[in-house]
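Geometric and topological summary
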Amino acid sequence: MKRLALLMVMVLSMISISSFAQRRELKTESNGFQWYEDVTSNGDRSASDVNGNVLIPFSRGYDFLCFHPREKTTGYFTVRSKGKSGACDVTGKEIIPPIYNNVVFFEREMIGGYYGIELNGKKGACDIEGNVVIEPKYDNVVFHIKETDIVGYYSVELDGKKGACDMKGHEVIPPKKYDKLYFISRNNAVGYYSVYKNGLQGACDITGKEIVHCKYKTLIYSSYSDCFSYKDDTGNWVNLKIRLDKDGLLIK
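Residues numbered from 1 in each chain as written. Predicted model: local features only at pLDDT ≥ 70, side-chain atom pairs only at ≥ 80, totals over all residues. Heavy atoms only, no water.

Below, the discussion takes up the packing of aromatic side chains. Each aromatic ring pair is described using two quantities: the centre-to-centre distance and the angle formed by the ring planes. If you walk through the whole model with that rule in mind, you get 18 aromatic pairs. Geometrically, the ring pair formed by Y153 and F183 is tilted, given 5.4 Å between the ring centres and 35° between the ring planes. With a gap of 30 residues between them, Y153 in strand β14 (residues 153-158) and F183 in strand β17 (residues 180-186) connect regions that are remote in the sequence. In terms of burial, Y153 and F183 fall into one category: buried. The rings of F33, W35, F67 and F77 are connected pair by pair, giving a single aromatic cluster. (Phe/Tyr/Trp six-rings, centres within 6.5 Å; stacked < 30°, edge-to-face > 60°. Helix = DSSP H or I, 4+ residues; strand = E, 2+ residues; numbered from the N terminus. Buried < 20%, exposed > 50% of the residue type's maximum accessible area, 1.4 Å probe, protein only.)

This is how it looks when you write it as C-alpha cells:
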C-alpha cells in the first residue's frame, strides 16, 4: 500500500513538472527595457524583470504577452486570454482585464495617454489608469489635443458622422447632429467646435451648445474683435457680437 502511494506521488510529481516545464526568452525593447518571458508547455505566459522579480505571474492565465515601448510612459504590456485582450503597465499591474477584442495605448502629452478599446466591432476609450471613459459603442474614437490647446476632446464617429465627447467622456455633441465638426483653438483660451450642416457653418461652445446656427459660408472667431464674424456676399467681415469667455463658454 505504501509502495502504491509512493508511486502515485511520483507520477503526480512528474505530471506537475511536465505541465510547468518552461522556455525562457530575454527580450530587449527599443527603449532599452529588458524582461524575461516564460512559457509553460500548455502555453501560459509570465513576465519577469532582469533581477528575477515576477511582473506577471502564470496564475493570471495569459496566453499572449507583448511589450510596447513608449517614449514618455516607458511602455505597457498587451495581454490576451482565451482570445480576449487587456493591458498591464510596465510593473505588471493589470490595468485593463482581458475582456476586449483589442486594446491599444496612445500617448498624449497633456493626459499621459489613453487606451483605445474595441468590443464587438465598436470602439471606446479608457484613461491611463484603465477606467472606462467612453463605452465601446462608436465606430471610431480619437483623442485630440494640440500644444496650444487648454483642453482636449474625443472625436467620436458613428455611421460616418462625427461627434464629440469631453475629456471625461461625456457626449457633448451627438455624432448624427452635424455633417462634420472640428475643434478650433484660441490663444490663451478654451476653443470651440466649428460645426457644419448642409454645407453651411456654425459653432458650438465647449459644452456642445449651439451658439451660432449653421447658416454661414465662412465663420471665424476674430481675436481682433473678440467675437464670431462671418464673411458676407461682398467679401466683408461682419461681427455677430457673439462672444466666448476664456473657458469657452458663451458670454450672455
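Further remarks concern the side chain of E37. Looking at where E37 falls in the secondary structure, it is placed in strand β2 (residues 34-40). Take E37: its relative accessible area is 9%, and that puts it in the buried class. A distance of 3.5 Å separates a polar atom in the side chain of E37 from a polar atom in the side chain of R45. In this structure E37 touches R23, R24, E25, K27, R45, S46 and L65, once residues within four positions along its chain are discounted. (Polar contact = N/O pair within 3.5 Å; in protein donor to acceptor, adjacent residues only side chain to side chain. Contact = heavy atoms within 4.5 Å.)

A few words now on unusual backbone geometry. In the Ramachandran plot, N188 falls in the positive-phi region, its phi being about 60° despite a non-glycine side chain. Following the sequence through the fold, N188 ends up in the loop between β17 and β18 (189-197). Judged by its relative accessible area of 75%, N188 is exposed.

What follows is about the sheet that holds strand β12 (residues 132-138). The strand order across the open sheet built from 4 strands is β9-β10-β11-β12, with neighbouring strands paired in antiparallel fashion. Among the strands making up the open sheet, the edge pair consists of β9 (102-106) and β12. Within this sheet the neighbouring strands show an average axis-to-axis angle of 20°, counted without direction. Of the pairings in the sheet, the one linking strand β10 (residues 114-119) to strand β11 (residues 122-127) comprises 6 bridges and is antiparallel in character. For G116, the partnering residue across the bridge sits in β11 and is A125. (Pairing = 2+ DSSP bridges. Axes fitted to C-alpha atoms, helices over the stretch in contact; angles between N-to-C directions.)

Another aspect to go through is the nonpolar core. Side chains of nonpolar character tend, in soluble globular proteins, to be buried together. Grouped together as the largest cluster of nonpolar side chains are 13 residues, with contacts concentrated most on A164, I173, L181, Y193 and V195. For this core, the secondary structure elements donating two or more residues are β16 (171-173), β17 and β18. It is β18 that contributes the most residues to this core, 3 residues altogether. When near neighbours in sequence (up to four residues on either side) are disregarded, V195 contacts I173, Y178, K180, L181, L200, Q201, G202, A203, C204 and C214. The next biggest cluster of nonpolar side chains, apart from the first, holds 11 residues, and it includes I56, L65, V79 and C88. (Core = buried A, V, L, I, M, F, W, Y, C linked by side-chain atoms within 4.5 Å.)

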